[in-house]
Amino acid sequence: MITETELLAFMRETAYKPMTYQELEEHFQIADAAGFKEFLKLLNRLEQEGQIILTRTNRYGVPERMDLVRGRLQAHAKGFAFLIPDDREHPDVYIHANDLKSAMNGDTVLVRISSKSAGGGKLEGEVVRIVKRAITQVVGVFQHNETYGFVIPDDKRINRDIFVAQEAFGGAVDGEKVVARIVNYPEGRSAAEGEIIEILGHKDDPGVDILSIIRKHQLPEAFPDDVMAEAQQAPDVIEEAEIAKQGRRDLRDKIIVTIDGEDAKDLDDAVNVERLPNGHIRLGVHIADVGYYVREGSKLDQEAYNRGCSVYLVDRVIPMLPHRLSNGICSLNPKVDRFTLSCEMEFNDQMKVVKHDIFTSVIRTTERMTYTNVRKILQEEDPEVTERYSHLVETFQLMRELALKLRGNRMRRGAVDFDFEESKVIVDESGKPVDIVKRERSIAEQIIEEFMLAANETVAEHFHWLKVPFIYRIHEDPDQEKLMNFMAFVANFGYTVKGGKGNKVHPRALQTLLEDIHGTKEQTVISTMMLRSMKQAKYDAESTGHFGLAAEFYTHFTSPIRRYPDLVIHRIIREVIEHGGALPEQRMEYLASRMQEIAQQSSERERVAVEAERDTEQLKKAEFMLDKVGEEFPGIISSVTSFGMFIELENTVEGLIRLSAMTDDYYHFHEQHMALIGERTSRIFRIGDEVKIRVARVNMDDHTIDFELVDMKPRRREGGSGGAGFDGAAGRGGKRGKGKGGAGVGKPGKGAAAAGAAAGGGGKRGKRGARGGSDTAGGGGAAPAVSFGFGSGKGGYAAGPASLSRDSGGYRSSGEGSGSGSGSRRKKTSASGIFLGAGGGGAEEGGTPPRKKRGGKGKGKGGGNGTAAFVRKKKK
């Protein structure tokens, strides 16, 4: 019987030319009828999955040999999309909105490459076939139009409304949040058709907002009856006879504690430390043995696989396993017997693991500690709490000593430690947000963090060398182009990142930069930009290392209650232990065939969970600011874009000040310096600057917040001289009146950046000049653009046309609209987002030549050519 692997390997051979099924049958010497029937089924299945292609001449081949790429579509709200190829070595492919056919976000598609950049790095393509639909239902607001209706999707990446015929209303009325099942997908200009399958309630009803996000991401809620029936069979307590039968190592006499948040109910990790006679420290990390109760192939296991992980929304948790397990027999509750998998490590003075052991065990935790109480003992030395846990104080002091040494060792080897401020939205019983509190990262959190990292690394390395199929947590090296752009960006602030061999950057160089910027006003923006220049961590069947942790081996072993990969490797660990350190060959083959599929599914489910968590947090932060419209707050500029600037408040809420609301001047965006420069006043807004804002409006449809500057005065009508260059060099401007003003060209300044861009003045404005900065007479200069994503990702705004980056939820896009959206009136912009002016300018690549006399009565002839600076024309 020919297998899928054999068939694909044959078709990928260099000498292979597309063959008919008869030719393939002959090649593989399939003689019997049953074998031929199975072979045809295999061909049909692989063709339906897009793994192989059937040509017009009925010949089979693989997509990559036919200039086709298979992958998952990642759409953007502005209409374009990117293909994330199945082949991890293949670069992403940009797809214009017109080339998407009827494909939607998340679909698995085949794409033909239509153009490549000179270096082959930037690829553009068009969808030739949709292999698998990802979106089968859409959540949105129902809009009733007498004999028909529309569902306006909540997910802005679905940029066409869903048409609903009258007979498919399902009782929905105007303004209700509904779930629509797609009956017909969009074709050409026609919209997708759907039918209402669930009415969530009116969009303003309490609880409907979170429910909409749950349905939007198709998160499961209640467990199926057969899954619950299996969960009910789990015992409430562990009997002594069962402990004796298991042959586990008995650790019930050791001082073992759990340290978690106050509201945690699924306690899956416990720790203990002891100083050995030789001066070394032994650390024990004990993880709930969930795999003992959730057997491979069971209904519980299948449900956990489909869910992938627990999802922590603002007001609820959607668990991976039923509460009977996660909060009951699997939770390491205090002073009760629990089955665990343990990893004991012995550390010497240099924090090297000189001895380790991984085994099945039974524990009884001494105390259920909280982060708050451990912090009070170790940092605040609170007398009352210290007295209450006096028998554990020495243990916690030793834990602190070990954790700080482990952290120091990790930093020395070059791990990148982002110290972002995290926040938690507090909601009342009705789901209304009442407060936003910052999450502390005290010594208590650091203890657990360091201990879990140590256990994960030890387990990963141990099983890597055993060469058994396993799931690893990997973090690939950053993309070289993104990293070079980042290095150019930080140079503007006077910082350098040292490269290694072949321009590769060691994570230690990035950590050194994070230490250098600690406490500075640019700390947040540089940290954010650094994070965006990196790739996302994910699960994989191969151990390729973890860049961010500077670790050669890493896995997720410590949370089997809430992460499926942890549960899978727990089963493998116990199986290996039971078989004396090896696995039967047949079992090895089966596990090897499953690991990559499990890793991919888990990575995808993790991404969905992160998106849902981010959506609910954004929603509740916007709702929290609803009753604060008109109030004033201090804030810090967290990002600057071609369409405005993002401001982050002390409570981590982020909002946008749109360029059109900055009415005291015409501002030009300087991308390389991430700054907005006033044309007339030379006023500069840069990332990290402190500003005072007023909450202008809150949009609960998009979950976005608009701010305005408190000291913003209306734009003056009088003309003036040209503004200064970015680094202080004076630019020359045209005279007021009938001047033909071009833009000033600044000389290089002496600061960190010497781009020499100038925000020069201009000639007389046309009639439309006063409308929110739509037209300007002259243009400001811009250094060669460097592409970055904008906004911290918390505000929910799409990035502007100048740059979009996949890791920040968007991508660089040339010619996709202008300003804050493709519908903006600001059409004439340079590649870096600077407006060419009322007088028009040279056409941008992919754009259209400017119309004449756009500037009303003004006779300005600002010559824009989209280059680093605009040259002032000589008088005729």
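Throughout, residues of each chain are indexed from 1 in the direction in which the sequence is written. Since the coordinates come from a predicted model, pLDDT governs what is reported: local features require at least 70, and pairs of side-chain atoms require 80 or more to be given and counted, while whole-chain, interface and lining totals use all residues. The side-chain figures draw on all heavy atoms in the structure; neither hydrogens nor water molecules are used.

S.K.: Even after reading the chapter, I still don't get helix α11 (residues 393–413), so can you show me in this structure?
M.R.: An α-helix turns once every 3.6 residues. As a result, residues three or four positions apart point the same way. A rise of 1.5 Å per residue sets the reference length of α11, with its 21 residues, at 30 Å; its end C-alpha atoms lie 31 Å apart and thus fit the reference within 8%. Residue exposure (1.4 Å probe, protein chains only): buried if accessible area is under 20% of the type maximum, exposed if over 50%, otherwise partly exposed. Numbering of helices and strands starts at the N terminus; helices are DSSP runs of H or I of at least 4 residues and strands are runs of E of at least 2. Along α11, the residues that are buried comprise Val-393, Thr-395, Phe-396, Leu-398, Met-399, Leu-402, Ala-403, Leu-406, Asn-409, Arg-410 and Met-411. In the stretch just after α11, Gly-414 is the one whose phi turns positive, near 110°. Here the expected span of a helix is defined as 1.5 Å times the quantity of residues minus one.

S.K.: Just to check I follow, could you spell out the pairing of strand β6 (residues 108–116) for this structure?
M.R.: Regular strands place their side chains on alternate faces of the sheet. When DSSP finds two or more bridges between a pair of strands, those strands are recorded as paired. One ladder, built from 5 bridges, connects strand β3 (residues 68–75) with β6; its direction is antiparallel. From the neighbouring strand, Gly-71 faces β6, where its bridge partner is Val-109. Note that β6 and strand β7 (residues 123–132) share 8 bridges and pair antiparallel. Within β7, the position partnered with Leu-110 by the bridge is Arg-129.

S.K.: Sorry, what's going on with the packing of α11 against helix α12 (residues 443–466) here?
M.R.: Packed helices, taken two at a time, are described by the angle their axes make and the gap between the axes. Running from N to C, α11 and α12 cross one another at 60°; their axes reach a closest spacing of 9 Å. Considering their axes alone, α11 and α12 lie oblique with respect to each other. The interaxial crossing formed by α11 with α12 has left-handed handedness. Seen from α11, the contacting residues are Phe-396, Met-399, Arg-400, Leu-402, Ala-403, Leu-404, Leu-406, Arg-407, Arg-410 and Arg-413; seen from α12, they are Ile-443, Gln-446, Ile-447, Glu-449, Glu-450, Phe-451, Leu-453, Ala-454 and Glu-457. Three categories are distinguished: nonpolar for Ala, Val, Leu, Ile, Met, Phe, Trp, Tyr, Cys and Pro, charged for Asp, Glu, Lys and Arg, and polar for the others, with Gly belonging to the last. Across the contact of α11 with α12, the residue classes break down as 11 nonpolar, 1 polar and 7 charged. To obtain each axis, a line is fitted to C-alpha atoms, and for helices this fit is confined to the stretch in contact; angles are then taken between N-to-C directions over 0 to 180 degrees. Between 65 and 115 degrees an angle is taken as roughly perpendicular, under 35 as roughly parallel, over 145 as roughly antiparallel, and anywhere else as oblique. Whether a crossing is left-handed or right-handed is set by the direction in which the near helix is turned from the far one by less than a right angle, anticlockwise for left-handed and clockwise for right-handed. Contact between two residues is taken to exist if any of their heavy atoms lie within 4.5 Å; hydrogens are not considered.

S.K.: Honestly, the packing of aromatic side chains in this entry has me stumped. Any pointers?
M.R.: How two aromatic rings sit relative to each other is set out by the distance from centre to centre and by the angle between their planes. Put simply, two rings from Phe, Tyr or Trp (the six-membered ring, in Trp's case) pair if the centres are within 6.5 Å, and we call them stacked under 30 degrees between planes, edge-to-face over 60, tilted for the rest. Under the defined criterion, the tally for this structure stands at 20 aromatic pairs. Consider the rings of Phe-80 and Tyr-94, whose centres lie 5.7 Å apart with planes at 40°: the pair is tilted. Of this pair, Phe-80 sits in the loop between β3 and β4 (81–85) while Tyr-94 sits in strand β5 (residues 93–95); the two residues are 14 residues apart in sequence, bridging distant segments of the chain. The class of Phe-80 is buried, set by a relative accessible area of 1%. Taken together through their ring pairs, the aromatic side chains of Phe-10, Tyr-16, Phe-28 and Phe-39 make up a single cluster. Over the ring of Phe-339 we find Arg-248; its NZ or CZ atom is 4.2 Å from the centre of that ring. Counted as over-ring charges are cases with an Arg CZ or a Lys NZ within 6 Å of the ring centre that also lie within 35 degrees of the ring normal.

S.K.: Sorry if this is basic, but what is going on with unusual backbone geometry here?
M.R.: If a residue is not glycine, its phi is most likely negative; likewise, a peptide bond is most likely trans. Of note, Asn-58 is a non-glycine position whose phi angle comes to about 60°, a positive value. Checked against the element boundaries, Asn-58 lands in the loop between β1 (53–54) and β2 (60–61). Residue class for Asn-58 comes out partly exposed when judged on its relative accessible area of 48%.

S.K.: Quick question: what am I supposed to make of the sheet that holds strand β10 (residues 162–165) here?
M.R.: Strand order around the closed barrel formed by 5 strands is β8-β9-β10-β12-β11, with mixed pairing between neighbours. Here the strands of the sheet are splayed against their neighbours by 50° on average, with no regard to which way each runs. Pairing geometry for strand β9 (residues 148–153) and β10, over 4 bridges, is antiparallel. Each residue of the ladder has a partner; that of Phe-150, found in β10, is Phe-163. Most of the contacts of helix α4 (residues 208–216) go to strand β12 (residues 193–202), to which it runs at about 150°, and overall it touches β8 (137–145), β11 (176–184) and β12.

S.K.: Looking at this structure, I do not really get the pattern of salt bridges. What am I missing?
M.R.: Working definition: two side chains of opposite charge can pair if their charged atoms are close together. Should a side-chain nitrogen of Lys or Arg be within 4 Å of a carboxyl oxygen of Asp or Glu, the pair is scored as a salt bridge. Applying the stated rule across the entire model yields 61 salt bridges. A salt bridge links Asp-236 to Arg-324, with the shortest nitrogen-to-oxygen separation between them at 3.1 Å. With Asp-236 in the loop between α5 (225–232) and α6 (240–246) and Arg-324 in helix α8 (residues 323–329), this residue pair connects regions lying 88 residues apart in the sequence. Look at Asp-236 and you get exposed, because its relative accessible area is 55%. What makes Arg-324 partly exposed here is its relative accessible area of 28%. Note that Lys-335 is salt-bridged to Glu-367, the shortest N-O span being 3.6 Å. Here Lys-335 is found in the loop between α8 and β19 (337–347), whereas its partner Glu-367 is found in strand β21 (residues 367–370), with 32 residues between them in sequence. Judged by its relative accessible area of 51%, Lys-335 falls in the exposed class. What makes Glu-367 buried here is its relative accessible area of 17%. Overlapping salt bridges bring together Arg-407, Arg-410, Asp-417, Arg-441, Glu-449 and Glu-450 as one network.

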